Amino acid sequence: MTRLRQTLCGQEIANILWAFATLNAQPNPAMVDTLSSHIYALCRGKRVTPNEVSISRIFKRQEIANVAWSCAVLGSYPEPLMKTLYQGMFGTRNDPQFMKKIFGDTGLQKSSIMTMYYVQYAADVEAPHLKLSLPKGFPNGWGEDDSNLSAKCMEDDQKQTSSSMLQLTVSKLQREVSETMTQIGFDNVLEYVIDTPSKRDIDNDDPNELPENPDEFLSIDIANVETRLGVEVDGPGHFVRLIDSAKKSHSNDDVHGQQFADRGDNRVNGPTLLKHRLLSALGWNIIHIPYWEYQNLGGDKDEELAYCQDVLGRNSCFTTEKKNAQ
């Protein structure tokens, strides 16, 4: 690894970490430490410590966001690396125009802005000692220039033009599960959106409150808001297909719960894992339904009712709610 890292450029390192995180494949901690040290050394160059200019010679800001997201998914936050990544994304002057000039871009892409919200919240919960923070007033002024956004919208009319950064879709399977849940007494809404703290019914002193975050932060497939119990109907896009050691338990099980053990030939991917951790940190109890379990019921209504009753019956919140209703 020591020899290999000497030949790796910033983009290649970002791609390596992103691949591990996306596949939810925990690398050896020594590898993460080695890459972290290498990134810091690359960004520092001949300087004692990195600055915005030296970092811009190694990474584009999209790549920086990918590395930061990878660290959040992997639950690894090396302090020198994280602080270097934040310096590369935002600088030290809270001046988005200066950062555009240094990196030669037109601002942060929407995906990068949303990524940094996820990273920030994960770091607040899992690595508060780092005291990382987004710039004051973020993302105002940090996004891509309007002219660049207009050009992209012309290229793809499917892209959203509102302030929302979430693209919400409801699948047929999701609707079917929601309807079955309703039949067994689990009142729910589809695609419940967790909004900005000012729109959420939370205490203003909540240490997990996200300041200045976008209108729509996270969504839950099926949610009972009163009990803060959510159901995620995980389709094929939430899983990685394992081609070897399929039956071997994943190393993340003890950390992130048995429901994230390898399921036969499938493993939940990194984005799904991170979303689960963020929702849990926000006080939600999340149940996951893999698509094949429900589809294997073959459309038998009685089987579907029994399955959903069993899934929810294992949850104390729903059990208590049902008993109180009776």
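In what follows, the structure referred to is the one given above.
Definitions and limits used
Within each chain, residues carry numbers counting from 1 in the order of the written sequence. It should be noted that, the model being predicted, local features are given only for residues of pLDDT at least 70 and side-chain atom pairs only at 80 or more, the latter also being counted only at that level, while totals for whole chains, interfaces and linings use all residues. As a convention, hydrogens and water are excluded, and side-chain values are obtained from all of the structure's heavy atoms. Only protein chains enter the accessibility calculation, which uses a 1.4 Å probe; a residue is then buried when its area is under 20% of its type maximum, exposed when over 50%, and partly exposed in between. Helix and strand definitions here come from DSSP, where helices need a minimum of 4 consecutive H or I residues and strands a minimum of 2 consecutive E residues; each element is numbered from the N-terminal end. The criterion for strand pairing is that DSSP finds at least two bridges linking the strands in question. Here, expected helix span is obtained from the residue count minus one, scaled by 1.5 Å. Throughout, the arc means the angular range of directions from the helix axis out to the C-beta atoms. Residue contacts are defined here by distance: any two heavy atoms, one from each residue, within 4.5 Å place the two residues in contact. The term salt bridge refers to a pairing of a side-chain nitrogen on Lys or Arg with a carboxyl oxygen on Asp or Glu at a separation within 4 Å. Think of it this way: a Phe, Tyr or Trp ring, Trp meaning its six-membered ring, pairs with another when their centres are within 6.5 Å, and the plane angle makes it stacked under 30 degrees, edge-to-face over 60, tilted otherwise.

Undergrad: Just to check I follow, could you spell out the pairing of strand E6 (residues 285–290) for this structure?
TA: The side chains of a regular strand alternate, first on one face of the sheet and then on the other. Counting buried residues along E6, five of its six residues qualify, which places the element largely inside the surrounding structure. Strand direction decides the pairing type here: strand E3 (residues 229–234) and E6, joined by six bridges, are parallel. Each bridged residue has a counterpart across the sheet, and for Leu229 the counterpart in E6 is Asn285.

Undergrad: Is there a simple way to explain helix H2 (residues 10–22) in this structure?
TA: Counting along an α-helix, one turn takes 3.6 residues, and residues three or four places apart therefore face a common direction. Compared with an ideal rise of 1.5 Å per residue, which puts 13 residues at 18 Å, H2 spans 18 Å between its outermost C-alpha atoms and is within 8% of the ideal. Among the residues of H2, those classed as buried are Gly10, Ile13, Ala14, Leu17, Ala21 and Thr22. Burial along H2 is one-sided: seen end-on, the buried residues are contained in an arc of 160 degrees. At its buried positions, H2 is contacted by helix H3 (29–44), helix H5 (61–74), strand E4 (239–241) and helix H12 (270–281). Immediately downstream of H2, the backbone of Asn24 shows phi near 55 degrees, a positive value.

Undergrad: Sorry if this is basic, but what is going on with the pattern of salt bridges here?
TA: If charged atoms from side chains of opposite charge come close, those side chains can pair. Under the defined criterion, the tally for this structure stands at nine salt bridges. Lys100 is paired through a salt bridge with Asp145; the nearest N and O atoms lie 2.8 Å apart. Separated by 45 residues along the polypeptide, Lys100 in helix H7 (residues 96–103) and Asp145 in the loop between helix H8 (110–126) and helix H9 (146–155) bring together distant segments of the chain. Lys100 sits in the buried class, given a relative accessible area of 9%. Note on Asp145: relative accessible area 30%, which makes it partly exposed.

Undergrad: Even after reading the chapter, I still don't get the side chain of Gln174, so can you show me in this structure?
TA: Following the sequence through the fold, Gln174 ends up in helix H10 (residues 172–183). Contact partners of Gln174, with chain neighbours within four places excluded, come to Thr169, Leu190, Glu191, Asp221, Ile222 and Val233.

Undergrad: Just to check I follow, could you spell out the packing of aromatic side chains for this structure?
TA: In this description, a pair of aromatic rings is defined by centroid distance and the angle of the planes. Applying the stated criterion across every chain, the model contains ten aromatic pairs. Ring centres of Phe90 and Phe138 lie 5.3 Å apart, and the angle between their planes is 80 degrees; this geometry places the pair in the edge-to-face category. A residue pair is termed long-range when its members are at least 10 positions apart, and Phe90 in helix H6 (residues 79–90) and Phe138 in the loop between H8 and H9 qualify at 48 residues. Neither Phe90 nor Phe138 differs from the other in exposure class; each is buried. Taking the centre distance of 5.3 Å and the plane angle of 90 degrees together, the rings of Tyr291 and Trp292 count as edge-to-face. Clustering of aromatic rings is evident, with ring pairs tying together Tyr86, Phe90, Tyr117, Phe138 and Trp142.

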